[in-house]
Structures are given as C-alpha cells and as structure tokens.
Amino acid sequence: MGNGMDKRAIRQACQSIRQVLQLKLQQRRSRQELINQGIMPPLKGSAAFHEHRRSLERARTEDFLKTKFRCRPERSELIRMHILEQTRAEPCLQATQLQLKRARLADDLNVKLSHRPGPMELIHKNILPVHSSIKRAIIGEY
C-alpha cells in the first residue's frame with residue numbers, strides 16, 4: 001500500500017512539473033523576438049557577423065554611459081536638489097539614519113499636534129470666526 005501511494009505522489013509531481021513547463025513554453029519569446037533583441041543570431045546571417053554587431057552595440061552603450069557619467073552633477077548639486085542627503089555617515093548606515101530622522105520628525109509632529117488648541121479656545125481668542133450670537137453663547141458658557 002505504501003508503494004502505491006509513493007507512485008501516485010510521484011505521478012502527481014511529474015504532472016505538475018509538466019504543467020509548469022508547458023506554461024513556460026507558452027510564455028517564452030518567439031525566435032523572431034530573440035533575433036530582434038540581438039539575443040540570437042539570424043538564421044541567414046553568420047554567427048561572426050552577429051557577434052560583431054553585438055560588440056558594436058555594447059561599445060555604443062558603454063560610450064553612452066561614459067558620456068552620462070562625465071556629465072553627471074556634482075555631489076553638492078545633488079544635495080542641493082534633495083536627491084542625496086548631506087551626511088557623514090557610512091553608506092551602510094545612511095538608511096538607518098534616515099529612518100531615525102523620520103521617526104524623530106514624526107514624534108515631534110505628534111507632540112505639536114497634542115499641544116495645539118481646541119476649537120473652543122480658538123473661538124475665545126478670536127482666531128476661529130463664528131457668528132456673534134453663537135460666540136456670546138459660547139463665551140457665556142466658558
């Protein structure tokens with residue numbers, strides 16, 4: 001009986017693997033897409049020509065990246081634009097430092113929100129505009 005259960009489990013595992021493989025085959029890119037993306041050489045072209053073309057494209061990409069690298073803004077400019085933080089902390093600690101800074105700001109905001117005046121106090125100090133008859137009634141209760 002144990003042997004039959006093992007065969008059934010193996011058959012089910014093989015079936016599920018077959019289904020996964022069929023799905024992968026259905027979703028894979030066509031040969032023409034691979035050729036257009038430069039991953040596979042064209043059927044009629046030589047492999048050497050394809051490799052030469054790929055090396056030229058790689059060189060063009062490297063030149064583009066080098067140009068972008070040379071034209072990138074200085075660190076001070078990135079700090080001014082709020083892209084980088086002005087910190088002396090090690091890069092591995094910067095994320096933790098930023099989390100701590102945000103937590104401190106949230107705590108400070110919560111403290112300020114807890115000490116803000118209520119609507120009655122704002123009405124009493126003539127900060128919140130209210131119709132005069134309502135104001136008299138409120139101040140009379142105060």
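Every value quoted in this text rests on a predicted model; they were computed, and no experiment measured them.

## Structural notes on the overall build of the protein chain
- Check the secondary structure of the protein chain and you find 7 helices and 0 strands.
- Reading the protein chain from its N end, one meets helices and strands in the order α-α-α-α-α-α-α.
- On C-alpha atoms alone, the protein chain measures out to a radius of gyration of 34 Å, which is more than a quarter above the 14 Å that the 2.2 N^0.38 rule sets for 142 residues.
- Referenced to the eigenvectors of the C-alpha coordinate spread, the extents of the protein chain come out at roughly 95 × 70 × 35 Å.
- In the protein chain, which comprises 142 residues, the proportion classed as buried is 6%.
- Within the protein chain, contacts between residues at least 6 apart in sequence are counted, and of these 0% link residues at least 24 apart.
- Positive and negative side-chain charges in the protein chain, numbering 28 and 14 respectively, have mean positions lying 8 Å apart.

## Examining the pattern of salt bridges
- If you walk through the whole model with that rule in mind, you get 3 salt bridges.
- Measuring nitrogen to oxygen at the nearest pair gives 2.6 Å for the salt bridge that ties Arg80 to Glu77. In this pair, Arg80 and Glu77 both sit in helix α4 (residues 75-80), 3 residues apart, roughly one turn of the helix.
- Given the relative accessible area of 55%, Arg80 is considered exposed.

## Focus on the environment of Val20
- If you trace the backbone, Val20 turns up in helix α1 (residues 2-27).
- Residues Val20 and Met81, spaced 61 residues apart in sequence, show a C-alpha to C-alpha distance of 48 Å.

## What to know about unusual backbone geometry
- With a phi angle near 60°, His82 is a residue other than glycine that sits in the positive phi range.
- Inspection of the secondary structure assignment puts His82 in the loop between α4 and α5 (91-114).
- Residues other than glycine seldom take positive phi values, yet Asn126 does so here, at roughly 60°.
- Following the sequence through the fold, Asn126 ends up in the loop between α6 (119-124) and α7 (132-141).
- Asn126 sits in the exposed class, given a relative accessible area of 54%.

## Remarks on the environment of Thr67
- Residue position: Thr67 is located in helix α3 (residues 47-71).
- For Thr67, the side chain forms a polar contact with the main-chain oxygen of Asp63, separated by 2.9 Å.

## Thoughts on a nonpolar patch on the surface
- Judged by side-chain polarity, Met81, Ile83 and Leu84 come together as a nonpolar surface patch covering roughly 260 Å² of accessible area.
- Within the secondary structure layout, Ile83 lies in the loop between α4 and α5.

## Some points on the confidence of the model for the protein chain
- Summing up the model confidence of the protein chain, the mean pLDDT is 84 and the portion of residues at 70 or higher is 93%.
- Taken element by element, the protein chain is modelled with least confidence in α7, mean pLDDT 72, and with most confidence in α5, mean pLDDT 90.

Conventions and cut-offs
In this numbering scheme, every chain counts its residues from 1 along its sequence in written order. Two thresholds apply to this predicted model, a pLDDT of at least 70 for residue-level local features and 80 or more for giving and counting side-chain atom pairs, whereas whole-chain, interface and lining totals are computed over all residues. Side-chain calculation: all heavy atoms of the structure are included, whereas hydrogens and water are not. To qualify as a helix, a DSSP run of H or I must reach at least 4 residues; to qualify as a strand, a run of E must reach at least 2; elements of each kind are numbered from the N terminus. For this measure, only C-alpha atoms enter the radius of gyration; the expected value for a globule follows 2.2 Å times N^0.38, where N is the number of residues. The buried label goes to any residue with under 20% of its type's maximum accessible area, the exposed label to any with over 50%, and the partly exposed label to all in between, with areas taken from a 1.4 Å probe on protein chains only. By definition, residues are in contact when any of their heavy atoms lie within 4.5 Å. Under the convention used here, Asp and Glu are negative, Lys and Arg are positive, and both His and the chain ends fall outside the count. Throughout, a charge is located at the NZ atom of Lys, the CZ atom of Arg, the CG atom of Asp or the CD atom of Glu. Any Lys or Arg side-chain nitrogen found within 4 Å of a carboxyl oxygen on Asp or Glu counts as a salt bridge. Definition of a polar contact: a pair of N or O atoms within 3.5 Å, with one able to donate and the other able to accept a hydrogen when the atoms are protein atoms, and with sequence-neighbouring residues admitted only if both atoms are side-chain atoms. Exposure above 30% relative accessible area and no salt bridge define the residues that can form patches, which grow by joining like charges within 9 Å and nonpolar side chains of Val, Leu, Ile, Met, Phe, Trp and Tyr within 5 Å. Per-residue accessibility takes into account occlusion by the displayed protein chains alone, with areas from the Shrake-Rupley method and a 1.4 Å probe. Every residue carries a pLDDT, the predictor's confidence in it, which falls somewhere between 0 and 100.

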